[in-house]
Amino acid sequence: MRGPEDAFLPSYSVPNAVRRRLSLSGKPLTPAELEILRWASEGKTVWEISQIRATSQATVKFHLRNIYCKLDVNNRVQAMNEAARQGLC
């Protein structure tokens, strides 16, 4: 139960981006994510990958964000290095 001294303390909530990163971290990559990671490692752009996979650029970006979260990295270069370290591509 909250007392009068707690009435002025803001309630803390974890941002969705942090919650998402924590929930995906360490999980295995899906076949679609592995394919996108392979194309990205060959230097393909988001647009080129979307054309190859016959999907939207937003879908490719969605998969890239999931890859970054699962590999616990922040960008494409770090993802390539981590994937190579883990023997994924």
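Before any of the text, the structure's been laid out above.
Report follows, based on the coordinates. If you're wondering where the values come from, they're calculated on a predicted model, not measured in any experiment.

### Here's the deal with the side chain of E82
Thinking step 1. With respect to the helices and strands, E82 occurs in helix α5 (residues 76-86).
Thinking step 2. Relative accessible area serves as the criterion here: at 17%, E82 is assigned to the buried category.
Thinking step 3. Side chain to side chain, E82 and R85 meet in a polar contact 2.6 Å long.
Thinking step 4. Here the side chain of E82 touches Q86 through a polar contact of 2.7 Å, side chain to side chain.
Thinking step 5. Ignoring any residue separated from it by four or fewer positions in sequence, one finds E82 in contact with L71 and V73.

### Considerations on the packing of helix α4 (residues 57-71) against α5
Thinking step 1. Interhelical geometry of α4 versus α5 gives an angle of 55 degrees and a closest axis separation of 10 Å. The pairing of α4 with α5 is recorded here as oblique in orientation. When you trace α4 past α5, the crossing you get is left-handed. Listed contacts from α5 to L64, I67, Y68 and L71 of α4 are R76, A79, E82, A83 and Q86.
Thinking step 2. Class assignment of the residues belonging to the contact of α4 with α5 gives a composition of six nonpolar, one polar and two charged.

### Overview of the environment of A58
Thinking step 1. Here A58 shows up in helix α4.
Thinking step 2. Using a relative accessible area of 53% as the deciding quantity, one classes A58 as exposed.

### Let's talk about helix α2 (residues 31-41)
Thinking step 1. Taken residue by residue, α2 has A32, E33, I36, L37, W39 and A40 as its buried positions. All buried residues of α2 fall inside an arc of 165 degrees around its axis, so they share one side.
Thinking step 2. Turning to α2, the residues buried within the fold contact α3 (46-53), α4 and α5.
Thinking step 3. Count one or two residues on from α2 and you reach G43, which has phi positive near 90 degrees.

### Section: the nonpolar core
Thinking step 1. L37, L64, I67 and A79 are the most contacted members of the largest nonpolar core, which has 16 residues in total.
Thinking step 2. Listing elements by their share of this core, those giving two or more residues are α2, α3, α4 and α5.
Thinking step 3. In terms of residues, this core owes the most to one element, α4, which gives five residues.
Thinking step 4. If we skip the residues at most four places from it in the chain, A79 touches L37, I67, Y68, L71 and V73.

Rules used in this analysis
Residues numbered from 1 in each chain as written. Predicted model: local features only at pLDDT ≥ 70, side-chain atom pairs only at ≥ 80, totals over all residues. Heavy atoms only, no water. Helix = DSSP H or I, 4+ residues; strand = E, 2+ residues; numbered from the N terminus. Buried < 20%, exposed > 50% of the residue type's maximum accessible area, 1.4 Å probe, protein only. Polar contact = N/O pair within 3.5 Å; in protein donor to acceptor, adjacent residues only side chain to side chain. Contact = heavy atoms within 4.5 Å. Axes fitted to C-alpha atoms, helices over the stretch in contact; angles between N-to-C directions. Parallel < 35°, antiparallel > 145°, perpendicular 65-115°, else oblique. Left-handed = near helix turned anticlockwise from the far one by under 90°. Nonpolar A, V, L, I, M, F, W, Y, C, P; charged D, E, K, R; others polar. Arc of directions from axis to C-beta. Core = buried A, V, L, I, M, F, W, Y, C linked by side-chain atoms within 4.5 Å.

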